[in-house]
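A closer look at the structure
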Amino acid sequence: AVAEAGKPKALKVKGEAAVVEQVLITPRGPIISPALVDPPLPGQANALSVSASFLQERPGTGLLAVHRARSFAECHELFRAASTSATTVTYADVTGKIGWFLAVNVPRRKAGFGNLPLPGWREECGWQDEPVPFDQLPRVEDPAAGYLCTANNQPAQDTEDTPFLGLDWLDGYRAARIGQALSARDDWDLRRTIGLQQDTTSLTWLEIRSWVLALRPAHPDAQLALGLLRRWDGTVSSRSVGASLYELTLAEVCQRITSAVAPKSMEWARGKGFSPLLPYGLIITRRLGHVSRLLRQRPPGYFPSWEDQLEQCLAAAVSTLRDRGGPDSGDWAWGQVRPLRLPHPFGGIKPLDRVFNLGPLPGVGDSGTIVQGTLDPADPLGNQISLPMVRAVFDVGRWDTCRFVLAGGQSGNPFSPNYADQLEPWASGQGIQIGWSEAAAAERTVATMRLTP
């Protein structure tokens, strides 16, 4: 493949000379790094390029016009040629019709799945000229279950008759819990839906509970941990001590598994990213499912005894909590030992942290709960990695009653009264009403900004 030199880019650096960066563009995308093998093998590639659907120009106007749609078919059609690279769209209208579809640009690969580099000079590698046809992407209208849910889970099972949609999906616990709750009743309203957004039930614990509690450890700290876990209700709530023991135990198991099977790359196997801009990879949100499967299957070749390893991990969890919370197990609640903070880019410099950073708040959840609160297995009591920044509850047709909330507030100015005024309603799950109709907007208006040419 012949590389073409792109237009040189001059990057201005304060106090220093500008840096000129030249990007080489290949038919397989821009060169992003040297070869993974250094020095390169004789006759092999000496550079790595990347191609992605989001690098291709596509009008993102589907979302901008969606409020004009008057039917599910019309809504779906808006995204035929005007989707972004990856959008999941859910639909509901006042007639009771519901629907869901993927509005994505999916490449058709000649070989591989995009997770490992391939020789870009070979004709049998790369993409087909045209992506997967829009009408062949997954779509659901008025499902028999009467509800739809999506939570970054795999949208459709991989089969020979369906297009390959990638590997970067969450392990499905959040979507499964949402579906479990929705199927249990049919009288959902604003109050109950707000409550569902606060749900912290751990389906992962239900998978491994019987095996964990069947242990008969000799270590007194492991015995203490099991006693507390037997009384745990399985919710990763801020007041739960059992949640702390469960999370720290699984983090310890994850560290030991990755150290055993990937000693040279264990940091990345645990979810470490490759750039300060992206310090964590998506794999970190799937660690729960991986650890749960291994604990249930207990395959040979990892440890001489899975039972001994788990006993040590339980004891280590107690030791960590004792160091962090003190000798009284009543002070080991999850929200207490792992508080949530919202750091600002300027907040890393003291004393600006007191001005820009928000929190602490009691932390809740993990990567598998509806209230997502992903943790780093290498630092399970560190600040959580992800959280649902925006929450919204829509009462279709009664738009003035809908609820919205943004954890970091709307202002961005720490001296504004609106910088952190949404933090409490976000933490409590309540949200705020935003006037939709002209009457409601006029009633709630506190200031007006007029823009004139």
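Treat the numbers as computed from the prediction; the structure is a model and nothing was measured. Numbers given to residues run from 1 along each chain, matching the order in which its sequence is written. Confidence filtering applies because this is a predicted model: local features only for residues at pLDDT of at least 70, side-chain atom pairs given and counted only at 80 or more, and all residues used for totals across whole chains, interfaces and linings. With hydrogens and water stripped out, all remaining heavy atoms of the structure feed into the side-chain values.

**A word on the side chain of Glu311**
- Structurally, Glu311 can be placed in helix α10 (residues 306-325).
- This buried residue, Glu311, is left without a salt bridge; Arg256 holds the nearest opposite charge, at 10 Å.
- A polar contact is formed between the side chain of Glu311 and the backbone nitrogen of Ala218, at a distance of 3.0 Å.
- Look past the residues within four positions of Glu311 in its chain and what remains in contact with it is Pro217, Ala218, His219 and Ala222. Secondary structure elements follow DSSP: runs of H or I no shorter than four residues count as helices, runs of E no shorter than two count as strands, and numbering proceeds from the N terminus. Exposure is judged per residue with a 1.4 Å probe applied to protein chains only, and the accessible area is read against the type maximum: over 50% gives exposed, under 20% gives buried, and values in between give partly exposed. When charges are counted, neither His nor the chain ends are considered; positive counts come from Lys and Arg and negative counts from Asp and Glu. Salt bridges are defined as contacts in which a side-chain nitrogen from Lys or Arg sits within 4 Å of a carboxyl oxygen from Asp or Glu. A 3.5 Å cut-off defines polar contacts: any pair of N or O atoms within that distance qualifies, except that in protein one atom must be a possible hydrogen donor and the other a possible acceptor, and neighbouring residues in sequence count only when both atoms are side-chain atoms. Contacts were defined at the residue level, with two residues in contact if any of their heavy atoms lie within 4.5 Å.

**Quick word on unusual backbone geometry**
- The omega angle of the peptide bond from Lys350 to Pro351 is 5°, so this bond is cis rather than trans.
- As for its position among the elements, Pro351 is in the loop between β12 (340-342) and α12 (353-356).
- Cis rather than trans, the peptide bond between Gly359 and Pro360 has omega equal to 10°.
- Its place among the elements puts Pro360 in strand β13 (residues 358-361).
- A positive phi angle, close to 40°, is found at Asp142, a residue other than glycine.
- Looking at where Asp142 falls in the secondary structure, it is placed in the loop between β9 (139-141) and α3 (173-183).
- Of the residues examined, Asp142 reaches a relative accessible area of 40% and is grouped as partly exposed.
- The backbone of Asn152 shows a phi angle near 60°, a positive value even though the residue is not glycine.
- Tracing the chain through its elements places Asn152 in the loop between β9 and α3.

**Some points on the pattern of salt bridges**
- Counted according to the given criterion, the structure contains 14 salt bridges.
- Here Lys110 makes a salt bridge to Glu123, at a shortest N to O gap of 3.2 Å. Of this pair, Lys110 sits in the loop between β8 (98-104) and β9 while Glu123 is found in the loop between β8 and β9, placing the two residues 13 residues apart along the sequence.
- For Glu123, a relative accessible area of 61% puts it in the exposed group.
- Its salt-bridge partner being Asp187, residue Arg192 comes within 3.6 Å of it at the nearest N-O pair.

**Observations regarding the sheet that holds β9**
- When DSSP finds two or more bridges between two strands, those strands count as paired. Read across the sheet, three strands follow the order β7-β8-β9 without closing on themselves; strand pairing throughout is antiparallel. Two strands in the sheet have a free side with no partner beyond their single neighbour: β7 (86-92) and β9. The sheet shows a mean angle of 15° between the axes of neighbouring strands, direction not considered.
- Relative to β8, β7 is paired through seven bridges, and the arrangement is antiparallel. Bridged to Ala92 within β8 is Ile98. Fitted lines through C-alpha atoms serve as axes, helices being fitted only where they are in contact, and the angles separating the N-to-C directions of these axes extend from 0 to 180 degrees.

**Thoughts on the pairing of strand β14 (residues 390-393)**
- Side-chain alternation along β14 places Arg391 and Val393 on a buried face and Val390 and Ala392 on a face that remains uncovered.
- Pairing of β14 with strand β15 (residues 403-406) involves four bridges; the strand directions are antiparallel. Each bridged residue has a counterpart across the sheet, and for Val393 the counterpart in β15 is Arg403.

**Observations concerning the packing of aromatic side chains**
- Two rings from Phe, Tyr or Trp (for Trp, the six-membered ring) form a pair when their centres sit within 6.5 Å of each other. Planes less than 30 degrees apart are called stacked, planes more than 60 degrees apart edge-to-face, and all others tilted. Within the structure shown, the criterion is met by twelve aromatic pairs.
- Considering the side-chain rings of Trp205 and Trp232, the 5.2 Å spacing of their centres and the 45° angle between planes classify their relative orientation as tilted. Of the two residues, Trp205 is situated in helix α5 (residues 203-213) and Trp232 in the loop between α6 (220-230) and α7 (241-261); the sequence distance between them amounts to 27 residues. Across this residue pair, the class does not change: Trp205 and Trp232 are buried.
- Each member of the aromatic cluster is reached from another via a ring pair, and the members are Phe72, Phe79, Tyr91 and Phe101.

**Digging into α10**
- By definition here, a helix of n residues has an expected span of 1.5 Å times n minus one. Under the 1.5 Å per step criterion, the end-to-end length of α10 is 28 Å for 20 residues, consistent within 8% with the ideal 28 Å.
- Residues Trp306, Gln309, Leu310, Glu311, Cys313, Leu314, Ala315, Ala317, Val318 and Leu321 constitute the buried set of α10.
- Along its buried surface, α10 packs onto α5, α6, α7, α9 (287-297) and α11 (334-337).
- The first or second residue beyond α10 is Gly326, which carries a positive phi of 100°.

**So, the packing of α3 against α5**
- Between α3 and α5, the least distance of the axes is 9 Å, while the angle of their chain directions is 95°. Classified by the interaxial angle, the pair formed by α3 and α5 is roughly perpendicular. Contact with α3, carried on its side by Tyr173, Ala176, Arg177 and Gln180, involves Leu203, Thr204 and Glu207 of α5 and no other residues of that element.
- Three classes are used, and their members are as follows: Ala, Val, Leu, Ile, Met, Phe, Trp, Tyr, Cys and Pro are nonpolar, Asp, Glu, Lys and Arg are charged, and the others, Gly among them, are polar. Classifying every residue of the contact of α3 with α5 gives three nonpolar, two polar and two charged. The labels follow the angle: roughly parallel below 35 degrees, roughly antiparallel above 145, roughly perpendicular from 65 to 115, and oblique for the rest.

**Some details on the state of the cysteines**
- Only a pair of cysteine sulfur atoms within 2.5 Å counts as a disulfide in this structure description. Summed over the entire model, instances satisfying the criterion amount to zero disulfides.
- The structure places no disulfide on Cys75, whose sulfur is separated from the nearest cysteine sulfur, that of Cys402, by 16 Å.
- Assessed through its relative accessible area of 1%, Cys402 is described here as buried.

**A look at a nonpolar patch on the surface**
- A patch consists of residues exposed above 30% relative accessible area that lack any salt bridge, with like charges linked at up to 9 Å and nonpolar side chains (Val, Leu, Ile, Met, Phe, Trp, Tyr) linked at up to 5 Å. Accessible areas in this description were obtained via Shrake-Rupley with a 1.4 Å probe; residue shielding takes into account the shown protein chains only. A cluster of nonpolar residues, Val94, Phe394, Val396, Trp399 and Trp436, forms a patch on the protein surface that exposes about 560 Å² of accessible area.
- Here Trp436 shows up in the loop between α13 (423-428) and α14 (438-444).

**Some thoughts on the side chain of Ser202**
- Here Ser202 shows up in the loop between α4 (190-197) and α5.
- On the basis of relative accessibility, which here comes to 2%, the residue Ser202 falls in the buried class.
- Not counting the four nearest positions on each side in its chain, Ser202 is found in contact with Gly234, Val236, Tyr246 and Thr369.

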